[in-house]
Amino acid sequence: MEIIGVNSLIQRESESIRVSKGFILFHSDLTVSAIDVGAMDILGHTNSSVTGKLLSDFLKKDAFNILLKYTYSVIQEGTFVQHEMKLSENPNQWIKVVIYPIETNCFSMLFFDINKQKELEIALLRQTEKLNILNESAAMLTSIKNPKELLDSLFHKLSQVLDLDIYVNYSWEKEHNRLVLTNHHGLCTEELETFRYLKKGAAVCGTVAQNKKRLVFEHIDGREDKILDLIRPLGVKAYVCEPLLSFGELVGTISFGSKKRPTFTSEELDLIHSICHQVTIVLDRMTKVDELTQNTETLEVANLHLKENERKLRLIIERNEAKRESKTKTNFLAMISHELRTPLNSIIGYSQVLENDQKDPLTEKQKSRLAKILNSSRHLLQLINNILELIRIDTKPETIKTNVKSVPIKDAVWESLHSVSNNAKEKGISLHIEKDVEDISIEIDPIRFQQVMVNLLNNAIKYNKKNGAVTLYWRVDGRYLAIFVKDTGIGIPQRHQENIFEPFYRVNHAIPGIEGTGIGLTLVKQNVLEMKGTVGVSSIEGTGSTFWVKVPI
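Keep in mind it's a predicted model, so treat the numbers as computed, not measured. (Residues numbered from 1 in each chain as written. Predicted model: local features only at pLDDT ≥ 70, side-chain atom pairs only at ≥ 80, totals over all residues. Heavy atoms only, no water.)

**Student:** It is not clear to me how the overall build of the protein chain should be interpreted in this structure. Could you clarify?
**Tutor:** Scanning the protein chain for helices and strands turns up 13 helices and 18 strands. Out of the 553 residues belonging to the protein chain, those deemed buried represent 39%. When contacts within the protein chain are restricted to residue pairs at least 6 apart in sequence, long-range pairs at least 24 apart make up 57% of them. (Helix = DSSP H or I, 4+ residues; strand = E, 2+ residues; numbered from the N terminus. Buried < 20%, exposed > 50% of the residue type's maximum accessible area, 1.4 Å probe, protein only. Contact = heavy atoms within 4.5 Å.)

**Student:** How should the sheet that holds strand β17 (residues 534-540) be read in this particular structure?
**Tutor:** Pairing between the strands of a sheet is mediated by backbone hydrogen bonds and can be parallel or antiparallel. Taken together, the five strands give an open sheet; going across it, the order is β13-β15-β16-β18-β17, and neighbouring strands pair in mixed fashion. At either end of the open sheet lies a strand with only one pairing partner, and these are β13 (430-433) and β17. Strand-to-strand twist across the sheet, computed as the mean angle between neighbouring axes with direction ignored, equals 15 degrees. With seven bridges connecting them, β17 and strand β18 (residues 544-552) associate as antiparallel partners. Pairing of V535 across the sheet is with V549, part of β18. Lying on the sheet, helix α11 (residues 409-427) is in contact with β13, β15 (469-477) and β16 (480-487); it crosses β13 at an angle near 175 degrees. Of the strands in this sheet, β13, β15, β16 and β18 touch helix α12 (residues 446-462), which is tilted by about 25 degrees from β16. (Pairing = 2+ DSSP bridges. Axes fitted to C-alpha atoms, helices over the stretch in contact; angles between N-to-C directions.)

**Student:** Any chance you could explain empty space enclosed by the protein here in plain terms?
**Tutor:** The method is simple in principle: a probe with the dimensions of a water molecule rolls over the atoms, and the space it marks as empty is what remains. Taken as a whole, this structure holds one cavity of 30 Å³ or more when the rule is applied. Here the largest cavity defines a volume of roughly 40 Å³. Every residue along the wall of the largest cavity is listed here: V168, Y170, F195, L198, A203, V204, C205, L230, I231 and Y239. Sorting the residues of the lining of the largest cavity by element identifies β6 (166-173) and α8 (203-211) as the ones contributing at least two each. With three residues, the single largest contributor to the lining of the largest cavity is α8. Residues of the lining of the largest cavity, tallied by class, amount to 10 nonpolar, no polar and no charged. (1 Å grid on protein atoms, 1.4 Å probe; cavity = no way out; pocket = protein on both sides within 12 Å on 5 of 7 lines; lining within 4 Å. Points joined across faces, edges and corners; volume = space filled by probe spheres on them. Nonpolar A, V, L, I, M, F, W, Y, C, P; charged D, E, K, R; others polar.)

**Student:** What is the right way to read the sheet that holds strand β7 (residues 178-185) from this model?
**Tutor:** Spatial ordering of the open sheet is given by β8-β7-β6-β11-β10-β9, a layout of six strands whose pairing is antiparallel. Lying at the two open borders of the sheet, with one neighbouring strand each, are β8 (197-198) and β9 (215-217). One ladder, built from three bridges, connects β9 with strand β10 (residues 238-246); its direction is antiparallel. By the bridge assignment for β10, V216 is matched with V240.

**Student:** Just checking my understanding: could you explain unusual backbone geometry for this structure?
**Tutor:** Most peptide bonds are trans, and most residues other than glycine sit at a negative phi. If you check the backbone angles, L30 has positive phi at about 70 degrees while not being a glycine. As for its placement among the helices and strands, L30 is situated in the loop between β1 (21-27) and β2 (32-35). Looking at L30, the relative accessible area reads 9%, which means it is buried. A positive phi is found at K532, a non-glycine position, where the angle reads about 60 degrees.

**Student:** Would you mind showing me how to read the packing of aromatic side chains here?
**Tutor:** Working definition: an aromatic ring pair is given by the centre-to-centre distance plus the angle between the planes. All chains considered together, the criterion is met by five aromatic pairs. Taken together, a centroid distance of 4.9 Å and an interplanar angle of 10 degrees make the contact between Y473 and F484 stacked. Of the two residues, Y473 is situated in strand β15 and F484 in strand β16; the sequence distance between them amounts to 11 residues. For F484, a relative accessible area of 10% puts it in the buried group. The ring of W94 has K118 sitting right over it, with the charged end atom 4.5 Å from the ring centre. If you follow K200 out to its NZ or CZ, it ends over the ring of W172, 4.6 Å from the centre. (Phe/Tyr/Trp six-rings, centres within 6.5 Å; stacked < 30°, edge-to-face > 60°. Lys NZ or Arg CZ within 6 Å of the ring centre and 35° of its normal.)

**Student:** I tried to follow a negative patch on the surface on my own but got confused; where do I start?
**Tutor:** Taken together, D411, E415, E438 and D439 make up a surface patch of like negative charges. Positionally, E415 belongs in helix α11. (Patch = residues over 30% accessible without salt bridge, like charges linked within 9 Å, V, L, I, M, F, W, Y side chains within 5 Å. Areas by Shrake-Rupley, 256 points an atom, 1.4 Å probe, with all protein chains shown as cover. Salt bridge = Lys/Arg side-chain N within 4 Å of Asp/Glu carboxyl O. Lys, Arg positive; Asp, Glu negative; His and termini not counted. Charge placed at Lys NZ, Arg CZ, Asp CG, Glu CD.)

**Student:** Sorry, what's going on with the packing of α11 against α12 here?
**Tutor:** If you want to describe how two helices pack, look at the angle between their axes and the distance between the axes. Between α11 and α12, whose axes approach to 9 Å, the crossing angle comes to 30 degrees. Viewed along their axes, α11 and α12 form a crossing whose handedness is right-handed. Residue-level contacts link I409, A412, E415, S416, L417, S419, V420, N423, A424 and K427 of α11 to F449, Q450, M453, V454, L457, N458 and I461 of α12. Considering only residue class, the contact of α11 with α12 consists of 10 nonpolar, five polar and two charged. (Left-handed = near helix turned anticlockwise from the far one by under 90°.)

**Student:** Even after reading the chapter, I still don't get the environment of A412, so can you show me in this structure?
**Tutor:** Relative to the assigned elements, A412 resides in helix α11. Along the primary structure A412 and I447 are separated by 35 residues, whereas in three dimensions their C-alpha atoms are 9.7 Å apart. Not counting residues up to four positions away in its chain, the partners in contact with A412 are V407 and F449.

**Student:** Just to check I follow, could you spell out the pairing of strand β5 (residues 106-113) for this structure?
**Tutor:** Along any regular strand the residues' side chains alternate between the sheet's two faces. Within β5, seven of the eight residues are buried, which leaves it mostly tucked inside the rest of the structure. Examined bridge by bridge, β1 and β5 share seven bridges and lie antiparallel to one another. The residue of β5 that forms the bridge with L25 is S108. Of the strand pairs in this sheet, strand β4 (residues 93-103) and β5 are connected by eight bridges, and their pairing is antiparallel. Considered in β5, the bridge of V98 is made with L110. Hairpin connection, β4 to β5: the antiparallel pair is bridged by two residues.

Encoded structure:
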């Protein structure tokens, strides 16, 4: 580690910052071994004796507490630290402290008086704030459309930098030849009536309106000018009023007053003038925009009425067209389904006769082929029945009758499992009911409930993986019974999950040979809605799906 002497370090710092400086030498137990005159002066001490003294004896309590953690950091880690802090206020006293290891058990604390530097920083900060106000005001002028909001925002920005307490904005009312109070801040209710109207030449703002020139008044509390009679009761010490001119024509006036400061600097007056010039442009633009808006309001309202009428007419036409297409589709499906069911019932009937013919029995090969005919025919008949049921629910929901009974859930679920057991066995799918499920009874239509469960179970079997499993479980959720059918199948992609309950919607799976028309889940949803319940699904593609049904208990 490079060891730098105290004097050389002070010299290095003083080359960049020409300030008062001093140092204290101390040990790791915080006992002071030396202090120079500069440090004594900065810290406000006159006795330079260090015998038996600690660092805390030369530093104020607050300063010592702040520097203590930095001191221990230097003692323990052997690296220097520096910190800026305020020793006192009124007057402000800023110092920079550098704590540095000299040798194994000896350390230095260097002090630099940086008041001048801080004064420059504060002056620079205030100048930056003024520039920021100009930039922000320019941005507000393009974004704020309400004049009061605009002026309130600008006053708030200016008041933070210039210690302003009051602003008064007048608009010029040409037809009545007077100034009208438009916006203000810092006026009480009793004062508003006095300030509400002004004639040209009256008070400060009226005089500015008449001459179209800025007026600045400072040290008002020591002046007797009659022109100040209106604003003197406000308690302001400095007041500036600017005319708002657009192409030489009077638009109004805006004035600012401070109760704290008696004067304004030339830079501050320039800042106020620049902002007032920007405000004039925007207020003039707002006035012209308002006039144009008023002239076009009637046309816009008429145009809106016309568009609304066009929209309503278009909706009526689209609704009628949709009804006509829906009715045509429904009639066609109903007709086709009825026409197909008659010959299909004949096929199933004759196939059953052949299957049960004891006098002239079929060979095993013929029985196998006949079984395929029967399975396919029954599957097709089920699809046709589903279509007819969907049409009936869709076209005449009021004709659907319910047969509500008290149904034990376990019995109903076991009956549904029995209905699909052969289908599951053929596909090698195991069926389960979770242990410890509650056996409760609910008031429900048992036929519709079984239709819902069978459809969900068949779906879980159809889209399952080889040697997969289907699990049922349920729980009471408030006033509802929630039933879950979980499978270990191929899952449903996220983009399809919102649409699978729509009629005839099918997901294009990679697994070939999956039969279906996309009606089963639609019937599930319709039946559940008739039971005043809800249905949904959660699924992860490649992992499986869980369908749930919630029905009131």
